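# An overview of the molecular structure
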Amino acid sequence: MALHYYCRHCGTKVGTINRMSVYSEQLGFHHLTDTERLEMISYLPNGDIQVKTICEDCQEALERNPEYYLYEKFIQ
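Here is what the cut-offs are and how they apply
Residues numbered from 1 in each chain as written. Predicted model: local features only at pLDDT ≥ 70, side-chain atom pairs only at ≥ 80, totals over all residues. Heavy atoms only, no water. Pairing = 2+ DSSP bridges. Helix = DSSP H or I, 4+ residues; strand = E, 2+ residues; numbered from the N terminus. Axes fitted to C-alpha atoms, helices over the stretch in contact; angles between N-to-C directions. Core = buried A, V, L, I, M, F, W, Y, C linked by side-chain atoms within 4.5 Å. Buried < 20%, exposed > 50% of the residue type's maximum accessible area, 1.4 Å probe, protein only. Contact = heavy atoms within 4.5 Å.

### Looking at the sheet that holds strand β2 (residues 13-18)
Hydrogen bonds along the backbone pair up the strands of a sheet, which may run parallel or antiparallel. Strands sit in the order β2-β1-β4-β3 across an open sheet of four strands; the sheet is mixed. One side of each edge strand has no neighbouring strand; the edge strands of this open sheet are β2 and β3 (41-43). For this sheet, the mean angle separating the axes of adjacent strands, direction not counted, is 20°. As paired elements, strand β1 (residues 2-7) and strand β4 (residues 49-53) share five bridges and run parallel to each other. When the bridges of β4 are listed, L3 appears paired with I49.

Here is the structure:
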């Protein structure tokens, strides 16, 4: 099983964690609400997990342009 992190705004692959066993508490998933989990975490048919996050470039853009927080995706 691997966890693949992708930016929710631009789609850039942020990173991968290759571990056979990892607990959601180690990843901080237990801090998410049920709705946030459904929006951010996808389980792939091969057993891998895809997590939506924000890359550094998009985070900087959000900090410079707070109005972008209104959009699910601000990069097309």
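### A short note on the nonpolar core
It is characteristic of soluble globular proteins that their nonpolar side chains tend to be buried jointly. Judged by nonpolar contacts, L3, Y5, V22, F29, I41, I49 and V51 together constitute the single largest core of seven residues. Looking at this core, the elements with two or more residues in it are β1 and β4. If we ignore the near neighbours within four places in the chain, the residues touching V51 are L3, H4, Y5, Y6, F29 and M40.

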